[in-house]
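Report on the structure
Listed below are the residues making up each chain.
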Amino acid sequence: AVLALSAPAVQGQVYGWGRCPNVPVATNFQVDRWVGTWFEIARTQNKMEENMDCGTDTMKMEEGNVLKRCRFIRDGIAIELDPLRIPNTVASPEEPAKFSVPYFSSSFLPDLPFWILEVDHDPQTGYYVGFTCRDIRVGNMQLLWVMSRERQMDKGRLNGILGRLEGHGIDTSKLEYPRQDDTCPALP
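Keep in mind the model is a prediction, meaning the values are calculated, not measured. (Residues numbered from 1 in each chain as written. Predicted model: local features only at pLDDT ≥ 70, side-chain atom pairs only at ≥ 80, totals over all residues. Heavy atoms only, no water.)

1. Here we look at the packing of aromatic side chains
On inspection of all chains with the given rule, the structure shows 7 aromatic pairs. Ring plane angle 70° and centroid distance 5.4 Å describe the contact between F29 and W34, whose orientation is recorded as edge-to-face. Judged by its relative accessible area of 0%, W34 falls in the buried class. Seen in terms of ring centroids, W38 and Y128 are 4.9 Å apart; in terms of plane orientation they differ by 90°. Their pairing is edge-to-face. Placement of the pair is W38 in strand β2 (residues 36-44) and Y128 in strand β10 (residues 127-136), with a sequence separation of 90 residues. Exposure class is identical for W38 and Y128. Each is buried. A cation sits over an aromatic face here: K68 above W145, 5.9 Å from the ring centre. Residue placement shows K98 over the ring face of W115; its charged tip is 4.0 Å from the ring centre. (Phe/Tyr/Trp six-rings, centres within 6.5 Å; stacked < 30°, edge-to-face > 60°. Buried < 20%, exposed > 50% of the residue type's maximum accessible area, 1.4 Å probe, protein only. Helix = DSSP H or I, 4+ residues; strand = E, 2+ residues; numbered from the N terminus. Lys NZ or Arg CZ within 6 Å of the ring centre and 35° of its normal.)

The structure is reproduced here in structure tokens:
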């Protein structure tokens, strides 16, 4: 029943057979260096982000948690989602790049894993790859985001990231590349 209730919210993600791929997470992840603004470069197609362009995530520390604010343009209208509070607690101290995130405000829906697979903490040219995967019955549901400190990412760098993800068994063929150019509004 829970799966049926959440299906409209997760329509469009990548589904795979078997369990979630066993992928390594970033060993150099530091939450205090993750704060700041990130531009969305690529994402798995999903209903919640349909027709979105100019996406940004701004992370800041607040009361020991990461507060994530998402802004984007949909059909020419600027939208800011309610902030998502990511508890600054990790599944394992040995893997600080693994979070459990309350994506849905409904208490009956489980938190989902959110893993940082790669990160470059450079404040000007850095990037990170965020990944969510949930085992469901005989398969899995995956979401992936590539975010950058710059509005546009070098194609060679992006292709290198995508190649490494494919090497770990993550399907990148369903990624979409939202508009992220000089026509996007300036950040506040």
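So, next bit.
2. Remarks on the nonpolar core
Core analysis: the largest hydrophobic core is formed by 39 residues, its most contacted members being F29, W34, F99, I116, L117 and Y128. Those elements that provide at least two residues to this core are α2 (31-34), β2, β6 (84-87), β8 (95-101), β9 (112-120), β10, β11 (139-148) and α3 (155-167). Here this core takes 6 residues from β11, the largest share from any one element. Excluding residues within four positions of it along the chain, W34 makes contact with F29, M59, V66, I86, F99, F114, I116, H121, Y128 and R149. (Core = buried A, V, L, I, M, F, W, Y, C linked by side-chain atoms within 4.5 Å. Contact = heavy atoms within 4.5 Å.)

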